[in-house]
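Each chain is listed here by its residues.
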Amino acid sequence: MALLSMSFGRPDAALSARRLGLWLTHTLRPSRRAAAANLERFDAGLREAVAAETMASPRLADLAVSCPAALVAIACPGEDAAFVEGARRARALAMEGRPLAQICAAAEVPLWLRRARPETFRARPPRLPDTPNVRRAIANHVPKGAGATTFKNAPWRWLEAVAIAFETADEEVGLWMARRAAASDLVGIFRARVVALWAWRSRHAPQPEAWPRWSPELGWDRASDLAFDWRARLAFDVYGGPGGDARQAWERDGFTFSPLLDFEAIVAEGEAMRHCVADYAYEVATAESTLWSVSKDGARVATAEIGSRDGSAFVGVRQLYGVKNEAAPREAWRAATLFAVDLDARFDTERRVARSREERRRAWEAFWEPYWAAKSGATAWTPLDPPDDGFPAA
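Chains are numbered independently. Their residues run from 1 in the order of the written sequence. Only residues with pLDDT of at least 70 get local features here, since the model is predicted, and only at 80 or more are side-chain atom pairs given and counted; chain-wide, interface and lining totals rely on the full set of residues. Computation of side-chain values covers all heavy atoms of the structure but excludes hydrogens and water.

> Sorry if this is basic, but what is going on with the confidence of the model for the protein chain here?
Parts of the prediction with low pLDDT should not have their coordinates interpreted in detail. Put simply, the protein chain has an average pLDDT of 88, and 87% of its residues get 70 or more. For the stretch residues 1–15, pLDDT sits under 50, and the model shows 24 contacts to residues farther than four places along the chain or on other chains. Every residue is assigned a pLDDT by the predictor, reflecting its confidence on a scale from 0 to 100. Whether two residues are in contact is decided by their heavy atoms, any of which lying within 4.5 Å being enough.

> Looking at this structure, how should I read the nonpolar core?
One recurring pattern in soluble globular proteins is that nonpolar side chains are buried together. Leu-113, Ile-138, Trp-158, Met-177, Trp-198 and Trp-368 are the most contacted members of the largest nonpolar core, which has 94 residues in total. In this structure Met-177 touches Ala-161, Val-162, Ala-165, Ala-182, Val-187, Ala-192 and Trp-220, once residues within four positions along its chain are discounted. As used here, the term nonpolar core means buried Ala, Val, Leu, Ile, Met, Phe, Trp, Tyr and Cys residues forming a set that is joined through side-chain atoms within 4.5 Å. When accessible area is computed with a 1.4 Å probe and restricted to protein chains, residues below 20% of their type maximum are described as buried, those above 50% as exposed, and intermediate ones as partly exposed.

> What am I meant to see in the environment of Ala-287 here?
Think of it this way: any DSSP run of H or I at least four residues long counts as a helix, any run of E at least two long counts as a strand, and we number them from the N terminus. Counting through the fold element by element, Ala-287 comes out in the loop between helix H15 (281–285) and strand E3 (290–296). Distance in space between the C-alpha atoms of Ala-287 and Ala-235 is 9.9 Å, their sequence separation being 52 residues.

> Sorry, what's going on with helix H10 (residues 156–168) here?
Given 3.6 residues per turn, any residue in an α-helix points the same way as the ones three and four places further on. A helix is expected to reach a length of 1.5 Å times the quantity of its residues less one. Compared with the 18 Å implied by 1.5 Å per residue over 13 residues, the 18 Å span of H10 between its first and last C-alpha is a close match. Among the 13 residues in H10, 10 count as buried, and that is most of the element. Those residues of H10 that sit buried are Trp-156, Trp-158, Leu-159, Ala-161, Val-162, Ala-163, Ile-164, Ala-165, Phe-166 and Thr-168.

> Quick question: what am I supposed to make of the sheet that holds strand E5 (residues 315–321) here?
By definition, the strands of a sheet pair up through backbone hydrogen bonds, in either a parallel or an antiparallel sense. Strands are labelled as partners when DSSP assigns at least two bridges between them. One open sheet accounts for five strands, arranged E1-E2-E3-E4-E5; its pairing is antiparallel. Single-partner strands in this sheet number two, and they are strand E1 (250–252) and E5. The average undirected angle you get between the axes of adjacent strands in this sheet is 30°. Relative to strand E2 (residues 255–259), E1 runs antiparallel, the two sharing three bridges. From the neighbouring strand, Glu-251 faces E2, where its bridge partner is Thr-256. To get an axis, a line is fitted to the C-alpha atoms, and for a helix only the part in contact is used. The angle between two axes follows their N-to-C directions and goes from 0 to 180 degrees. The strands touched by helix H16 (residues 330–346) are E1, E2, E3, strand E4 (299–308) and E5; relative to E5, the strand with the most contacts, the crossing angle is about 150°.

> Even after reading the chapter, I still don't get the packing of aromatic side chains, so can you show me in this structure?
Think of a pair of aromatic rings as described by two things: how far the centres are apart, and how the planes are tilted against each other in angle. Each pair of aromatic rings taken from Phe, Tyr and Trp, with Trp reduced to its six-membered ring, is defined by centres within 6.5 Å and is described as stacked if the planes are under 30 degrees apart, edge-to-face if over 60, and tilted in the remaining cases. Evaluation of the coordinates by the stated rule reveals 14 aromatic pairs. Consider the rings of Trp-211 and Phe-367, whose centres lie 6.0 Å apart with planes at 40°: the pair is tilted. Taken together, the residues span a long stretch of sequence, with Trp-211 in the loop between helix H12 (189–204) and helix H13 (220–239) and Phe-367 in helix H17 (residues 357–374) at a distance of 156 residues. Across the pair, Phe-367 and Trp-211 agree in class, each one buried.

> Please clarify how the pattern of salt bridges should be interpreted in this entry.
Close approach of charged atoms allows side chains of opposite charge to pair. Each salt bridge in this description consists of a side-chain nitrogen of Lys or Arg and a carboxyl oxygen of Asp or Glu lying within 4 Å of one another. Scanning all chains against the criterion turns up 22 salt bridges. Here Arg-135 makes a salt bridge to Asp-130, at a shortest N to O gap of 2.9 Å. Classification of Asp-130 as partly exposed rests on a relative accessible area of 24%. Arg-361 is paired through a salt bridge with Glu-365; the nearest N and O atoms lie 2.8 Å apart. Here the residue Arg-361 and the residue Glu-365 both occupy positions in helix H17, the gap between them amounting to four residues, near one helical turn. A residue is classified by how much of its surface remains accessible, and Glu-365, at 24% relative accessible area, is partly exposed. Beyond isolated ion pairs, a larger network of salt bridges with shared partners links Arg-252, Asp-253, Arg-334 and Asp-342.

> It is not clear to me how the packing of H10 against helix H11 (residues 171–181) should be interpreted in this structure. Could you clarify?
Helix packing geometry: the angle between the two helix axes and the distance between the axes. Two numbers describe how H10 lies on H11: the axes approach to 7 Å, and their chain directions differ by 160°. Considered as vectors, H10 and H11 are oriented roughly antiparallel to each other. Two packed elements cross with a definite hand, and for H10 against H11 that hand is right-handed. Taking contact as the criterion, the partners of Trp-158, Ala-161, Val-162, Ala-165 and Phe-166 in H10 are, on H11, Glu-171, Val-173, Gly-174, Leu-175, Met-177, Ala-178 and Ala-181. Taken together, the residues of the contact of H10 with H11 break down into 10 nonpolar, one polar and one charged. Under this scheme an angle from 65 to 115 degrees is roughly perpendicular, one under 35 degrees roughly parallel, and one over 145 degrees roughly antiparallel; angles in between are oblique. Crossing handedness follows the turn of the near helix against the far one: under a right angle anticlockwise gives a left-handed crossing, and clockwise gives a right-handed one. Residues are grouped as follows: Ala, Val, Leu, Ile, Met, Phe, Trp, Tyr, Cys and Pro are nonpolar; Asp, Glu, Lys and Arg are charged; all remaining types, including Gly, are polar.

> Is there a simple way to explain the pairing of E4 in this structure?
Of all 10 residues in E4, seven are buried; the element is thus mostly enclosed. Note that E3 and E4 share seven bridges and pair antiparallel. Among the inter-strand pairings, Val-294 is bridged to a residue of E4, identified as Ala-302. Counted along the chain from E3 to the antiparallel partner E4, the turn is two residues long, and its residue Asp-297 has a positive phi close to 55°.

> Explain H17 to me, please; I cannot follow it from the model alone.
Taking 1.5 Å per residue, 18 residues should reach 26 Å; H17 reaches 26 Å between its end C-alpha atoms and fits that length. For H17, the full list of buried residues reads Arg-360, Ala-363, Trp-364, Phe-367, Trp-368, Tyr-371 and Trp-372. Taken together, the buried residues of H17 touch H10, H12 and H13. Where H17 ends, the next residue or the one after it, Ser-376, has phi of about 60°, a positive value.

> Would you mind going over the packing of H11 against H12 with me for this structure?
The interhelical angle for the contact between H11 and H12, taken along N-to-C directions, is 140°, at an axis separation of 10 Å. Taken as axis vectors, H11 and H12 run oblique relative to one another. Crossing handedness for the pair H11 and H12: right-handed. Across the interface between the two elements, Glu-172, Val-173, Trp-176 and Met-177 of H11 pack against Ala-192, Val-195, Ala-196, Ala-199 and Arg-203 of H12. Looking at the contact of H11 with H12 residue by residue, the classes come out as seven nonpolar, no polar and two charged.

> Is there a simple way to explain the side chain of Arg-360 in this structure?
Tracing the chain through its elements places Arg-360 in helix H17. Here Arg-360 falls in the buried class, since its relative accessible area comes to 11%. Not counting the four nearest positions on each side in its chain, Arg-360 is found in contact with Val-238, Tyr-239, Val-353, Arg-355, Pro-386 and Asp-388.

Right under this line is the structure:
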């Protein structure tokens, strides 16, 4: 009788969501059993609060099936005052039996999330656009059902990537992300931010002709590669790459070490040596490391990455590879090791870039002014001053 008496109130805090779900499954009529079965599918950090709401009213319990997003928004509004008030109003509307559209509107949950599976949420859904065009275009890409899904069965990654695209860029990019993220398990949060920034900037503001441009026809993998190329090019424009002695060629034991000082030079080295050195262009642009084309008697022998290792203040050889990432000759390793010692003796132990702080600030502001104007000011991922530790922030 103690359990039965709780069916219209809140359960005891000691009653676990799992025990509660099992009890509901065996005692409620079929329409409620589906809601009870869904409890175990909510994120562990949300489950107790969601279970408590389902016990407060059969109508709230129905949301576990009809709209898990609204139930999470009601149960876990967070600290945002508007979300807290919205959750209170949405809860009252749900208990009165009002239409789902009214409940979602009060909770600031887009109606197109109504069929999203419980596993889509690790927290209250963020603010998202809910225009008729978005509803039509995104509905087929929302993670639904109870079976396996993309992202290695982690559909919350889909929602986070889509939310970042809408927030960072615009509706067109957000819808593109919804399509592409539904078909890939490689959409990380940081990567989604970079792609969204590139997509917005390449469409809405001038940039050099050689820089890549976004289009909605791009697949995720290609868009991601182009966005990170764009990020490296921008970093060279802002930071200028390594400064000082890292900008001149060196001779050691018959080998010539020629610095790779811009994006085009790094790409050319990768094409000539048939390896992935271009993946390190951003690190060179921000002077986190340096890249060198190693040659002997005018012929390329290897590519070297030289910089501090594991937080050490001393410069050393990070990598040294020949054509197609084959092992470099022993004599090239010896020359590179001695060269790194020579470079370390003359290298500033603090990371050093070619451009002064004022030059970096001017280049950064000129690049992001159109974006700041569109977004009504600087953002956490595009702050007013260029970060010393790279950009953008996720």
